[in-house]
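Here is how the chains run, residue by residue.
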Amino acid sequence: MFFNQVLNMRILLIHADRFSFRVTGETSVAMASELQKASPESEATECLVVFMAAEKGDEADVDSVVKQVTKEVLSLADQVGTSHLVVYPYAHLSSRLSSPRVAVRLLDEICRQLLRQRRIKVLRAPFGYYKSFEIACKGHPLSELAKTITPEKSTKASADAEESEALKAEKTLESEWIIITPDGKQVSVEDFSFATRPNLERLFRYEKSGTRVSDQAPPHIELMRRMELVDYEPGADPGNFRWYPKGQLMKRLAETYVSGLVIDHGGMPVETPIMYDYQHPKLSLYLQRFPARQYVLLSGEKEYFLRFAACFGQYLIQHDMQISYNHLPCKLYELTHYAFRREQSGELAGLKRLRTFTMPDLHTLVKDADQAKEEFLRQTDLAIQCMEGFELDFEVAIRFVRDFADQNRQFIEKLASCCSRPALIELWDERFFYFVAKLEFNFIDALDKAACLSTVQIDVENTERFDITFVDKKGEKQHPLLLHASISGSIDRVMYAILETQAIRISKGEKATFPFWLAPIQLRLIPVSEKFDVACKQVLEKVPYRIDYDDRDITMGRKIRNAEREWIPYILVLGAKEVAEQCLNVRTRDGAQRKMTLHELLAEIEPQTKEKPFLDLPLPQSLSRRPIFVG
RNA sequence: GCCGGCGUAGCUCAGGGGUAGAGCAACUGAUUCGUAAUCAGUAGGUCGCGGGUUCAAAUCCCAUCGCCGGCUCCA
């Protein structure tokens, strides 16, 4: 029933001794731009003429069709031994034509792809004009070939169509929006006073209208470069970044922290492949539920896609496991390093949205709805703890299928209380996706845009789809429910949120500062002159944190300025006074200067590192020996 | 992906059909310095890449890549 939504391409290929055409008049869909791309009259000899017509469809499939048409055409050109192609729009191949816009785009794209091949010459006839033509077909067995190209397999096509129907339905259907306060009171968004929760109001507006007002780049982009953390890599696909030592250190710390929380929580770490067989029956079904955003990889004759999450890898393990009700809840965890999503180029935005990213992915099998709810609450707590560790503020959005919400009022109240802040609830009348409940922690950035970080979801679909079972008390096989959780969201996105938080601080006239445990350089030691080298070395040895040493031949004012610009939490100055008094002059981010002994300083720092991971300085300790990555 | 803007030294940017510019950073020297920029000097550029127009192109035109913004999207 959805097949008429699918974009097909009909092509007729003729190997000709000679082919010529001439424009004779405009059709109703003529466009002037066509005559700039293709001449009104031309001829070719010893060529392969490609007549083509695009059928009714959905432009989401253009990529796939272009790819297949190109492949077919090049393959036949190769077989008949010609490198001269004529691309000729020929509406008469179909009675259900696509829109002219899509047709022209297809033509353009096909020509572009063909021209990428070395040695191939392409002659293109204009779209939207009546043309006369003459052709001398060679008449050998391969000289005439007609094909209908559909995007991938027809099953995929119908599933895609189904998905796009679901997405459309979701858009047209009004969601109901409610605010729930930590004490469990529910009010409509209209009746809720957002005065004390401006960010929750921003989240709601963002969700409801999707409009953006910004004309600026997100400030974290400048910061990620200036702080020598992360940078664009022009030599890679867009959305794939390079990480400098300081950024890589922060990322590693964040990863270690998140993984530690999840493993303590009972997640069993696994590692799964990053690429999967496109034709695997279960995976291809799963893929088809979503718009095509995969990296596809050709290995010999086979096609693979790069994972966009760790879900399948874990499903495939769970499918093969022997699990009884005694083992539930059963939690598999992977720090998905990496997940790949080939987002449209215009959707990429610094560290907020990437094509290659790292995310913690926890999948919990539970025996029944009660256990699902119990785990959901525990994992929500864990996500809150995680956000606190990163010192990130966030707003809560909870989405439910209405039936689920109606049957689980008490659970929803507990969830609201657990979040200890007003939360936005969205109710759907029908289930569009695999989940019946989804919790999100959204970060509101310096430009008032929202980005989802932590998420917990109850999946009611995939254990059946992937035939994941457990044996219950009676010895019978059952499909468990499944919880998806990413307690921090993508690590890259956590970095974005941390940097945007600093940008917000700066815009308020405050000083930016990383959480101490994440600061790439935690302390900097500045000697008043090189005479104090020995005293400095003694201090360096006694500090068990990431401390470095500004031994460059520049003035102290300059050194202080440099250290401040790097947001270093503690700046230690050491000169004659300090040596005489056996102490340090300590400058902190608030601008205060204090005289402290090393012992006092370490005692002050210690609580800030509690239960947080530590990694050594990944750079030369002396600034005189440290290269510059950016600037 | 579509529409728009941008791309000049390591960084931030000015310039604009006729010898390629500044500040910062780097390097050399002087200075040995007390809390956000010491002084002087040196070096550094196929003006994103590819075509075209022109006696002459960084500058104008076309195409392409990248970044940013808007739309769309965000499993």
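Scope of this entry: the structure provided in the associated data block. Quantities reported herein were computed from a predicted structural model and do not represent experimental measurements.

## A closer look at the overall build of chain A
Line of reasoning, step 1. Broken down by element type, chain A carries 18 helices and 28 strands.
Line of reasoning, step 2. A buried classification covers 52% of the 631 residues belonging to chain A.
Line of reasoning, step 3. The contacts in chain A between residues at least 6 apart in sequence include a share of 77% that link residues at least 24 apart.
Line of reasoning, step 4. Carbon and sulfur atoms make up 49% of the accessible area of chain A, which totals about 29,800 Å².

## Some points on the sheet that holds strand β13 (residues 296-299)
Line of reasoning, step 1. Spatially, the three strands line up as an open sheet ordered β12-β14-β13, and their pairing is antiparallel. A single partner strand is all that each edge strand has here, and the edge strands are β12 (275-277) and β13. Adjacent strand axes in the sheet meet at a mean angle of 40 degrees when their direction is disregarded.
Line of reasoning, step 2. Bridge analysis of β12 against strand β14 (residues 302-306) gives three bridges, and the strand direction is antiparallel. Among the inter-strand pairings, Asp277 is bridged to a residue of β14, identified as Tyr304.

## Regarding the packing of helix α7 (residues 245-265) against helix α14 (residues 491-507)
Line of reasoning, step 1. Relative to each other, α7 and α14 sit at 115 degrees, their axes nearing to 10 Å. The angle between α7 and α14 falls in the class roughly perpendicular. Pair α7 / α14 crosses with right-handed handedness. Between α7 and α14, the residues in contact are Gly247, Met250, Lys251, Ala254, Glu255 and Val258 and Ile491, Asp492 and Met495, respectively.

## Points about the nonpolar core
Line of reasoning, step 1. Core analysis: the largest hydrophobic core is formed by 77 residues, its most contacted members being Phe390 and Phe400.
Line of reasoning, step 2. Counting only domains with at least three residues in this core, you end up with domain 2 (173-206 + 256-272 + 307-488) and domain 3 (516-625).
Line of reasoning, step 3. Once residues lying within four places of it in the same chain are set aside, the contact partners of Phe390 are Ala254, Tyr257, Val258, Ser488, Val494, Ile498, Pro515, Trp517 and Leu518.
Line of reasoning, step 4. In terms of nonpolar packing, the next biggest core, distinct from the first, is built from 27 residues, Val66, Ala77, Leu106 and Leu107 among them.

## Some words on the sheet that holds strand β18 (residues 423-428)
Line of reasoning, step 1. Spatial ordering of the open sheet is given by β8-β7-β18-β17-β19-β20-β23-β16-β15-β11, a layout of ten strands whose pairing is mixed. Edge strands, defined here as strands with exactly one partner in the open sheet, are β8 (186-188) and β11 (268-269).
Line of reasoning, step 2. When strand β15 (residues 330-340) meets strand β16 (residues 356-366), the two strands line up antiparallel, connected through ten bridges. For Cys330, the partnering residue across the bridge sits in β16 and is Leu365.
Line of reasoning, step 3. Sheet strands touched by helix α12 (residues 409-419): β7 (176-180), β8, β17 (395-401), β18 and β19 (435-444). Its angle to β17, the strand with the most contacts, is close to 170 degrees.
Line of reasoning, step 4. Sitting on the sheet, α14 touches β15, β16, β19 and β20 (450-459), and the angle it makes with β20 is about 140 degrees.

## As for the pattern of salt bridges
Line of reasoning, step 1. Applying the stated rule across the entire model yields 40 salt bridges.
Line of reasoning, step 2. Put simply, Arg355 and Asp237 hold a salt bridge, and the shortest N to O gap is 2.9 Å. Placement of the pair is Arg355 in the loop between β15 and β16 and Asp237 in the loop between β9 (230-232) and β10 (241-243), with a sequence separation of 118 residues.
Line of reasoning, step 3. Owing to a relative accessible area of 6%, Arg355 belongs among the buried residues under this scheme.
Line of reasoning, step 4. Asp237 gets classed as partly exposed once you look at its relative accessible area, which sits at 29%.

## Considering helix α3 (residues 100-115)
Line of reasoning, step 1. In this model, α3 (16 residues) spans 22 Å end to end at C-alpha, consistent with the 22 Å of a helix rising 1.5 Å per residue.
Line of reasoning, step 2. The set of residues buried in α3 consists of Val102, Ala103, Val104, Leu106, Leu107, Ile110, Cys111, Gln113 and Leu114.

## Some points on the packing of aromatic side chains
Line of reasoning, step 1. Inspection of the entire model under this criterion finds 40 aromatic pairs.
Line of reasoning, step 2. A ring pair is formed by Phe19 and Phe51, whose centres lie 6.1 Å apart and whose planes are at 85 degrees; its orientation type is edge-to-face. Highlighted residues: Phe19 in strand β1 (residues 9-26) and Phe51 in strand β2 (residues 41-54), separated in sequence by 32 residues.
Line of reasoning, step 3. The exposure class of Phe51 is buried, given its relative accessible area of 3%.
Line of reasoning, step 4. Taking the centre distance of 5.8 Å and the plane angle of 80 degrees together, the rings of Phe443 and Tyr496 count as edge-to-face. Placement of Phe443 in strand β19 and of Tyr496 in helix α14 is noted, with a sequence separation of 53 residues between them.

Calculation criteria
- Residues numbered from 1 in each chain as written.
- Chains lettered and ligands numbered in written order.
- Predicted model: local features only at pLDDT ≥ 70, side-chain atom pairs only at ≥ 80, totals over all residues.
- Heavy atoms only, no water.
- Helix = DSSP H or I, 4+ residues; strand = E, 2+ residues; numbered from the N terminus.
- Buried < 20%, exposed > 50% of the residue type's maximum accessible area, 1.4 Å probe, protein only.
- Contact = heavy atoms within 4.5 Å.
- Areas by Shrake-Rupley, 256 points an atom, 1.4 Å probe, with all protein chains shown as cover.
- Pairing = 2+ DSSP bridges.
- Axes fitted to C-alpha atoms, helices over the stretch in contact; angles between N-to-C directions.
- Parallel < 35°, antiparallel > 145°, perpendicular 65-115°, else oblique.
- Left-handed = near helix turned anticlockwise from the far one by under 90°.
- Core = buried A, V, L, I, M, F, W, Y, C linked by side-chain atoms within 4.5 Å.
- Domains from an automatic or database assignment.
- Salt bridge = Lys/Arg side-chain N within 4 Å of Asp/Glu carboxyl O.
- Expected span 1.5 Å × (residues − 1).
- Phe/Tyr/Trp six-rings, centres within 6.5 Å; stacked < 30°, edge-to-face > 60°.

The values are spatial; any link to function lies outside them.
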